[in-house]
Amino acid sequence: MAENAAKGYWIGHVTVMNADLYKEYVALDTDIVARFGGRFLARGGQCEVPEGDAQERHVVVEFPDYATARACYHSEEYQSAAVIRKANAVSTFVLVEGVL
């Protein structure tokens, strides 16, 4: 990571369809994210949608930089866990670079 690199983020919007099986995904992705140096800034919790349409839950994960956010998302480990998410939730994920 470059010393002055902008942080990288995952922004996820999720509606869980099967909460019991989705818990398996949460357990897996928590560990994977941590191994890539990521930390959850928001994970569910209260939200308001004053404009437009949205899923029920919102997740924001911060990584040391954009390259690491991409590497984590595209890793074989995470993609295996994502199979569980995709089977049990409707979701949209965005990978975004922060500002310096």
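Given the structure is predicted, the values throughout are model-derived calculations rather than measurements. (Residues numbered from 1 in each chain as written. Predicted model: local features only at pLDDT ≥ 70, side-chain atom pairs only at ≥ 80, totals over all residues. Heavy atoms only, no water.)

**Concerning the packing of helix α2 (residues 66–74) against helix α3 (residues 76–88)**
Next, step 1: Running from N to C, α2 and α3 point in directions that differ by 60 degrees, and their axes come no closer than 5 Å. Taken together, the axis directions place α2 and α3 in an arrangement best described as oblique. When α2 is examined against α3, the residues Cys 72, Tyr 73 and His 74 are found in contact with a partner set consisting of Glu 76, Tyr 78, Gln 79 and Arg 85.
Next, step 2: Within the contact of α2 with α3, the residues separate by chemical class into three nonpolar, two polar and two charged. (Axes fitted to C-alpha atoms, helices over the stretch in contact; angles between N-to-C directions. Helix = DSSP H or I, 4+ residues; strand = E, 2+ residues; numbered from the N terminus. Parallel < 35°, antiparallel > 145°, perpendicular 65-115°, else oblique. Contact = heavy atoms within 4.5 Å. Nonpolar A, V, L, I, M, F, W, Y, C, P; charged D, E, K, R; others polar.)

**Digging into empty space enclosed by the protein**
In this approach a probe as big as a water molecule rolls over the atoms, and the regions it shows empty are the leftover space.
Next, step 1: Counted by the stated rule, this structure contains one cavity of 30 Å³ or more.
Next, step 2: What the largest cavity holds in volume is close to 60 Å³.
Next, step 3: If you trace the largest cavity, you find it lined by Trp 10, Val 14, Tyr 22, Tyr 25, Val 26, Asp 29, Arg 43, Arg 57, Val 59 and Phe 93.
Next, step 4: Put simply, the parts of the chain that give the lining of the largest cavity at least two residues each are β1 (8–16), α1 (19–35) and β3 (57–63).
Next, step 5: Residue contributions to the lining of the largest cavity peak at four residues, all from α1.
Next, step 6: A per-class count over the lining of the largest cavity returns seven nonpolar, no polar and three charged. (1 Å grid on protein atoms, 1.4 Å probe; cavity = no way out; pocket = protein on both sides within 12 Å on 5 of 7 lines; lining within 4 Å. Points joined across faces, edges and corners; volume = space filled by probe spheres on them.)

**A short note on the environment of Ala 34**
Next, step 1: Along the chain, the position of Ala 34 falls in helix α1.
Next, step 2: The exposure class assigned to Ala 34 is partly exposed, which follows from its relative accessible area of 48%.
Next, step 3: Sequence-wise, Ala 34 and Asn 18 are 16 residues apart; in three dimensions their C-alpha atoms are separated by 24 Å. (Buried < 20%, exposed > 50% of the residue type's maximum accessible area, 1.4 Å probe, protein only.)

**Let's talk about the packing of aromatic side chains**
Next, step 1: According to the stated counting rule, one finds eight aromatic pairs in the structure shown.
Next, step 2: Judged by centre distance (5.9 Å) and plane angle (70 degrees), the rings of Trp 10 and Phe 93 are edge-to-face. Residue Trp 10 is found in strand β1, and its partner Phe 93 is found in strand β4 (residues 89–97); the two are separated by 83 residues along the sequence.
Next, step 3: Ring geometry for Tyr 73 and Tyr 78: centres 5.4 Å apart, planes at 40 degrees, overall tilted.
Next, step 4: Note on Tyr 73: relative accessible area 15%, which makes it buried.
Next, step 5: For Tyr 78, a relative accessible area of 0% corresponds to the buried category.
Next, step 6: The rings of Trp 10, Tyr 22, Tyr 25, Phe 63, Tyr 73, Tyr 78 and Phe 93 are connected pair by pair, giving a single aromatic cluster. (Phe/Tyr/Trp six-rings, centres within 6.5 Å; stacked < 30°, edge-to-face > 60°.)

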